[in-house]
Amino acid sequence: AGYMGWLGFTTQVSLLALHPWLIPAIAGYGIASIGVPMYILRKCGTFWAKTTIELNDEFWSRAPPDVYVDCIKRWSGLDYEE
């Protein structure tokens with residue numbers, strides 16, 4: 001600033017004070033940076049849930065009976081020995 005700063009002819013002003021139109025731009029960026037990923041995750045989450053149900057149904061429809069018995073024994077919490 002030199003001697004002009006000592007005399008008070010120059011000042012430092014924040015960017016938002018000089019350009020107030022940046023405030024909505026910063027807010028819009030914040031909304032987009034949070035909102036878009038949340039939308040994508042929610043959309044993918046519903047697709048993932050449907051796919052999980054379809055895969056589970058397909059697995060259990062093709063599983064032989066001994067798989068049912070083995071899974072029930074393991075999931076029952078009883079002492080299971082192989």
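Think of each chain on its own: its residues are numbered from 1, step by step along the sequence as written. Totals for whole chains, interfaces and linings use every residue, but because this is a predicted model, local features are given only for residues with pLDDT of at least 70 and side-chain atom pairs only at 80 or more, for both listing and counting. Side-chain measures were taken over the full set of non-hydrogen atoms in the model, leaving aside hydrogen atoms and water.

**Student:** What is the right way to read the overall build of the protein from this model?
**Tutor:** In this text, helices come from DSSP runs of H or I with a minimum length of four residues, and strands from runs of E with a minimum of two, each type numbered from the N-terminal end. Looking only at helices and strands, one finds four helices and zero strands in the protein. Each of the 82 residues in the protein was classed as buried or not, and the buried ones make up 4%. Carbon and sulfur atoms make up 69% of the accessible area of the protein, which amounts to about 7,800 Å² in all. Throughout, exposure labels follow a simple rule: accessible area from a 1.4 Å probe, protein chains only, divided by the maximum for the residue type, with under 20% read as buried, over 50% as exposed, and the rest as partly exposed. Note on areas: these come from Shrake-Rupley sampling with a 1.4 Å probe, and a residue is covered only by the protein chains present in the view.

**Student:** Would you mind going over the confidence of the model for the protein with me for this structure?
**Tutor:** Low-pLDDT stretches of the model should not have their predicted coordinates read in fine detail. pLDDT measures the predictor's confidence residue by residue and takes values from 0 up to 100. Residues of the protein with pLDDT of at least 70 account for 85%, and the chain-wide mean is 84. The secondary-structure element of the protein with the lowest mean pLDDT is helix α1 (residues 2-6), recorded at 68, while helix α3 (residues 22-62) shows the highest, at 93.

**Student:** Would you mind showing me how to read the pattern of salt bridges here?
**Tutor:** Oppositely charged side chains may form a pair once their charged atoms are brought near each other. Note on definitions: salt bridges are taken to be side-chain nitrogens of Lys or Arg within 4 Å of carboxyl oxygens of Asp or Glu. Counted under the stated rule, the structure contains two salt bridges. The closest approach of N and O atoms between Glu58 and Arg62, which form a salt bridge, is 2.5 Å. Linking Glu58 with Arg62, this pair stays in helix α3, spanning four residues, or about one helical turn. Of the residues examined, Glu58 reaches a relative accessible area of 37% and is grouped as partly exposed.

**Student:** Explanation requested: a nonpolar patch on the surface in the structure shown.
**Tutor:** Together, Tyr3, Met4, Leu7 and Phe9 make up an exposed nonpolar region whose accessible area comes to about 490 Å². Tracing the backbone shows Met4 in helix α1. Patch construction takes residues with relative accessible area above 30% that form no salt bridge. Like charges are linked within 9 Å, and nonpolar side chains (Val, Leu, Ile, Met, Phe, Trp, Tyr) are linked within 5 Å.

**Student:** Just checking my understanding: could you explain the packing of aromatic side chains for this structure?
**Tutor:** Each pair of aromatic rings is reported with the distance of its centres and the angle of its planes. Under the pairing criterion, centres of Phe, Tyr and Trp rings, with the six-membered ring standing for Trp, must be within 6.5 Å; the plane angle then separates stacked pairs below 30 degrees from edge-to-face pairs above 60, leaving the rest tilted. Applying the stated criterion to the full structure yields three aromatic pairs. With centroids separated by 4.9 Å and ring planes inclined at 80°, the aromatic side chains of Phe59 and Trp60 adopt a geometry described as edge-to-face. The exposure class assigned to Phe59 is partly exposed, which follows from its relative accessible area of 45%. Trp60 sits in the partly exposed class, given a relative accessible area of 25%. Aromatic pair Trp60 and Tyr68: ring centres 5.2 Å apart, planes at 35°, arrangement tilted.

**Student:** Would you mind going over the environment of Tyr68 with me for this structure?
**Tutor:** With respect to the helices, strands and loops of the structure, Tyr68 is situated in helix α4 (residues 65-75). Any two residues having at least one pair of non-hydrogen atoms within 4.5 Å are treated as being in contact. Here Tyr68 is in contact with Trp60 and Ala63, once residues within four sequence places are set aside. Of the polar contacts made by the side chain of Tyr68, one reaches the backbone oxygen of Trp60; its length is 2.7 Å. A 3.5 Å cut-off defines polar contacts: any pair of N or O atoms within that distance qualifies, except that in protein one atom must be a possible hydrogen donor and the other a possible acceptor, and neighbouring residues in sequence count only when both atoms are side-chain atoms.

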